[in-house]
Amino acid sequence: MNAVETILNHQSVRNFTGQSLTDEQVKTLSEVVARTSSSCFFQTVRVIRITDREKLERIAELSGDQEHIARCAEFWMFCIDLTLLMQQNELKAPFPFRFFYSGMNDTSLTCQNVLTAAESMGLGGTIIGGFKPGIVEISKMLNLPFGVAPCLGLILGVPDVNYLEQQKPRLPLDYLIFENTYKDVVTKEGIDEYNATLREYYENRKYNRRSIDWSSACSAMLGNTAAKTALNPLIEYFKGQGFSFD
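How each quantity is defined
- Think of each chain on its own: its residues are numbered from 1, step by step along the sequence as written.
- Two thresholds apply to this predicted model, a pLDDT of at least 70 for residue-level local features and 80 or more for giving and counting side-chain atom pairs, whereas whole-chain, interface and lining totals are computed over all residues.
- Think of the side-chain values as coming from all heavy atoms in the structure, minus any hydrogens and water.
- Going along the chain from the N terminus, every DSSP run of H or I of four or more residues is numbered as a helix, and every run of E of two or more is numbered as a strand.
- Only protein chains enter the accessibility calculation, which uses a 1.4 Å probe; a residue is then buried when its area is under 20% of its type maximum, exposed when over 50%, and partly exposed in between.
- Here a polar contact is recorded for every N or O atom pair within 3.5 Å, except that within protein the pair must consist of a potential hydrogen donor and a potential acceptor, and residues adjacent in sequence are included only if both atoms are side-chain atoms.
- Residue contacts are counted whenever heavy atoms from the two residues lie within 4.5 Å of one another.
- Two joining distances apply to patches: 9 Å for like charges and 5 Å for nonpolar side chains (Val, Leu, Ile, Met, Phe, Trp, Tyr), and every residue must have over 30% relative accessible area and no salt bridge.
- Only the protein chains shown count as cover for residues, and the accessible areas themselves come from Shrake-Rupley with a 1.4 Å probe.
- Basic side-chain nitrogens of Lys or Arg form a salt bridge, by our definition, when they fall within 4 Å of a carboxyl oxygen of Asp or Glu.
- A residue counts as positive if it is Lys or Arg and as negative if it is Asp or Glu; His and the chain ends are not included.
- Each charge is placed at NZ for Lys, CZ for Arg, CG for Asp and CD for Glu.
- Either an automatic procedure or a domain database provided the assignment from which the domain bounds are taken.

1. Describing unusual backbone geometry
Argument step 1. Look at the link from Ala93 to Pro94: it is a cis peptide, with omega at 0°.
Argument step 2. In this structure, Gln43 is a non-glycine residue whose phi angle is positive, near 55°.
Argument step 3. Considering the arrangement of structural elements, one finds Gln43 in the loop between α2 (23-35) and β1 (45-50).
Argument step 4. One non-glycine residue, Asn180, adopts positive backbone phi at about 75°.
Argument step 5. Within the fold, Asn180 resides in the loop between β4 (148-157) and α8 (188-204).

Here is the structure:
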């Protein structure tokens, strides 16, 4: 598939055949990492490929028992790494907030690019952020030094086609794209219609059926007390790695 077809056919994949990535696939995806846009050309993104089954199982546990992490062919951890700038340009901690901000942007771009490239090769995957409650243990597991922080994970593998679903409905395009100025085009009727469409999708898909819509799902996430309190140790972790939020 070309780039546009790949993006428009995207769906998250959490079930895999067990087949490993080939050396050629890994090499190509690694080149995608290197060629992704970089803020100020600092090139601060580093990726750790995790193929060790014991590590994958532990990361799955720390991520809220996400079994698909344990079953994937590879888990790629996308990190901000300021150690090279520290060595070559005398950058010192605490690192100004712009390095955290640009680093998060760059890791996000790189992670998405790798996923899109993987999908174009017939692979599948899902971006993982749920590892963060175990970020301290995972950092020790991966031997991350001061100045390096994990931001996003990505599971990859060959999709088990038996588990592929229809694409999940998205918000209407006129809610997402404006010309020249912001416009508040959302209506109650429009949201009600989208909620009904998404509820129908969830109730009729092959696996993990449930009766829920977009509004109720967002409310549940926003009201998750555990998710709110988890932010405090996460911020402290990044501060401990040298990043400033002032």
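There is more to say after this.
2. Describing the side chain of Asp213
Argument step 1. Following the sequence through the fold, Asp213 ends up in the loop between α8 and α9 (214-222).
Argument step 2. Owing to a relative accessible area of 11%, Asp213 belongs among the buried residues under this scheme.
Argument step 3. A polar contact is formed between the side chain of Asp213 and the side chain of Ser216, at a distance of 2.7 Å.
Argument step 4. With residues near it in sequence (within four places) discarded, Asp213 still touches Asn195, Leu198 and Arg199.

3. Points about a positive patch on the surface
Argument step 1. A cluster of basic residues, Arg14, Lys168, Arg170 and Arg210, forms a positive patch on the protein surface.
Argument step 2. With respect to the helices and strands, the residue Arg210 is situated in the loop between α8 and α9.
Argument step 3. Relative accessible area serves as the criterion here: at 39%, Arg210 is assigned to the partly exposed category.

4. A short note on the domain arrangement of the protein chain
Argument step 1. Domain parsing of the protein chain yields domain 1 (3-164 + 229-241) and domain 2 (173-221).
Argument step 2. Taking the mean C-alpha position of each, domain 1 and domain 2 sit 28 Å from one another.

5. Section: the environment of Asn9
Argument step 1. Inspection of the secondary structure assignment puts Asn9 in the loop between α1 (3-8) and α2.
Argument step 2. Assessed through its relative accessible area of 47%, Asn9 is described here as partly exposed.

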